[in-house]
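Structure at a glance
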Amino acid sequence: MKNKCKNIDNVKKRSIDTKVVHGNKSFDEKTGAISFPIYQSATFRHPSLTETTGYDYSRLQNPTREEVECIVANLENGKHGFAFSSGMAAVSTVLTLFNSHDHIIVSEDLYGGTYRAFEEIYRKYGITFSYIDTSSLKNTEEAIQENTAAIFVETPSNPMMRITDIRGISHLARNKNVMLIVDNTFLTPYSQRPLELGADVIIHSGTKYLGGHNDTLAGFIVANNDELADKIKLIQKTEGAVLSPFDSWLVIRGIKTLGIRLERQQSNALKIAKWLENHHNVEQVYYIGLESHPGYEINRSQSTGSGAMISFSVKDSSLVDSILKKIKLIIYAESLGGVESLITYPVMQTHAAIPVEIRDKLGVTDKLLRLSVGIENVEDLIEDLKQAME
Ligand SMILES: *Cc1c(COP(=O)(O)O)cnc(C)c1O
């Protein structure tokens, strides 16, 4: 597949803070519009029998979608980007690359919807999965079988914030000719670029930090290998779970502030994590920005940030109900990564699809809450938690 992002070499060397703002083309070449146009068209006129404008039909390609695809590819320092109607559509597209009898190693602590897709949909087609603690290289190596085709990693993991050594796993994967897939939703390319560390495929739920405003669903895949990109393109244009022009535009706009949002969210998160650590009703805090967090050093060696996701367990499960009732500013809702702070109860929401034995083993218990820290004033957020946790 030749690179559709014609401008990518010109903008590749820019710093990430500039990349997020100026995107791929930065403005519309025809009119100079600074806000990239929404090409709300299903189909495109051909000038003559043998000519095309480069656009035929929006399931195949659309200029607004192409712009966001090139932006996300560029942020990940990758070659080929693909935008989907949700993160799950992106996960599903990657799984469609595999054949029956293939085996995939998966981080055992992962997004519940991904687990559900693997177990309830793809297992039916003869793909098998091993769920292991990928933060241990030894475990990962031992889990590799004759028919292992891929390793699927979330780092930090969700919701226990375990850190996987991307470089280490990529060495293992390369030696065994296994594809390394990283779901980079939590840290985003602003802080972590797994392709640079040896991964083959990046997945995103663009619904989260990339979009950033809890106003649209989106998903992305980024890859460098041309042959692999051809396969992904075939699935995307054939199955058709593409991102609409308007949603593509929303994500382009969202990404412009990714840098400043994340800086603020991260600084808020660190203050909140430290505050939670000292609260008498808190048993344990899981935040990768805390030096005491296992994997802190590895995360520092492979990313430039700690993100803004905090999980914490309270001393007694009876506190959960009252916290969720009393919380006023922080919103009790699923999802993460937006400007508004949200609190979730993984055991009943994001991770309900995961069997109780696995949840218990991981620590996803009825005492665990997960916080997605937004960009509000941090004192206001702490004040809200304080009154809710008394
Ligand atoms: C939300 C999420 C997904 C799924 O994305 P949707 O946009 O909700 O379909 C996948 N992986 C992670 C880590 C997520 O947080």
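As annotated in an unreviewed UniProt entry, the protein is Aminotransferase class V-fold PLP-dependent enzyme from Alkalibaculum sporogenes. Taken from UniProt, the Sequence similarities (unreviewed entry) comment for the protein reads in full: "Belongs to the trans-sulfuration enzymes family."

**A closer look at the site of the ligand**
Every one of the 13 residues lining the ligand counts as a neighbour, but Met-88, Asp-183, Ser-205, Thr-207 and Lys-208 are closest to it. Gly-87 has a polar backbone atom sitting 2.9 Å from an oxygen atom of the ligand. Out of a free accessible area of 380 Å², the ligand has 93% covered by protein chains. Its residues assigned to classes, the shell around the ligand comprises 5 nonpolar, 5 polar and 3 charged.

**Side note on the pattern of salt bridges**
Evaluated as defined, the whole model comprises 12 salt bridges. With a closest N to O distance of 2.8 Å, Glu-108 and Arg-162 form a salt bridge. On the criterion of sequence distance, the pair formed by Glu-108 in the loop between strand S2 (103-107) and helix H5 (112-121) and Arg-162 in the loop between strand S4 (148-154) and helix H7 (166-175) is long-range, its members being 54 residues apart. A residue is classified by how much of its surface remains accessible, and Glu-108, at 6% relative accessible area, is buried. The closest approach of N and O atoms between Arg-162 and Asp-133, which form a salt bridge, is 3.4 Å. Taken as a pair, Arg-162 in the loop between S4 and H7 and Asp-133 in the loop between strand S3 (128-132) and helix H6 (137-143) lie far apart in primary sequence, 29 residues in all. Linked by salt bridges that have partners in common, Glu-108, Asp-133, Arg-162 and Lys-361 make up one network.

**Focus on the sheet that holds strand S7 (residues 219-223)**
The sheet built from 7 strands is open, its strands ordered S1-S7-S6-S5-S4-S2-S3 with mixed pairing. Pairing within the sheet leaves two strands with one partner each, and these edge strands are strand S1 (80-84) and S3. Between one strand axis and the next, the sheet turns through 20° on average, direction left out of account. Pairing of S4 with strand S5 (residues 179-183) involves 5 bridges; the strand directions are parallel.

**A word on the environment of His-46**
In this structure, His-46 sits in the loop between helix H2 (16-22) and helix H3 (63-75). Separated by 206 residues in sequence, His-46 and Ile-252 have C-alpha atoms that sit 27 Å apart. Contact partners of His-46, with chain neighbours within four places excluded, come to Glu-51, Thr-52, Tyr-55 and Asp-56.

**Digging into the UniProt feature "modified residue: N6-(pyridoxal phosphate)lysine" (unreviewed entry) in the protein**
In the numbering adopted here, UniProt assigns the feature "modified residue: N6-(pyridoxal phosphate)lysine" (unreviewed entry) to Lys-208. Along the polypeptide, Lys-208 turns up in the loop between strand S6 (201-205) and S7. The class for Lys-208 is buried, based on a relative accessible area of 9%. When residues no more than four places from it in sequence are discounted, the contact partners of Lys-208 are Tyr-111, Thr-185, Ser-335, Leu-336 and Gly-337.

**Examining the sheet that holds strand S8 (residues 282-286)**
Across the sheet, which stays open at both edges, the 5 strands sit in the order S8-S9-S12-S11-S10 with mixed pairing between neighbours. Each of the sheet's edge strands pairs with one partner strand only, and the pair in question is S8 and strand S10 (331-332). As paired elements, strand S9 (residues 309-314) and strand S12 (residues 368-372) share 5 bridges and run antiparallel to each other. Within the sheet, the bridge partner assigned to Phe-312 lies in S12 and is Leu-369.

Scoring rules and cut-offs
Residues numbered from 1 in each chain as written. Predicted model: local features only at pLDDT ≥ 70, side-chain atom pairs only at ≥ 80, totals over all residues. Heavy atoms only, no water. UniProt positions renumbered as here; feature names shortened; annotations may be inferred. Near = heavy atom within 4 Å. Polar contact = N/O pair within 3.5 Å; in protein donor to acceptor, adjacent residues only side chain to side chain. Areas by Shrake-Rupley, 256 points an atom, 1.4 Å probe, with all protein chains shown as cover. Nonpolar A, V, L, I, M, F, W, Y, C, P; charged D, E, K, R; others polar. Salt bridge = Lys/Arg side-chain N within 4 Å of Asp/Glu carboxyl O. Helix = DSSP H or I, 4+ residues; strand = E, 2+ residues; numbered from the N terminus. Buried < 20%, exposed > 50% of the residue type's maximum accessible area, 1.4 Å probe, protein only. Pairing = 2+ DSSP bridges. Axes fitted to C-alpha atoms, helices over the stretch in contact; angles between N-to-C directions. Contact = heavy atoms within 4.5 Å.

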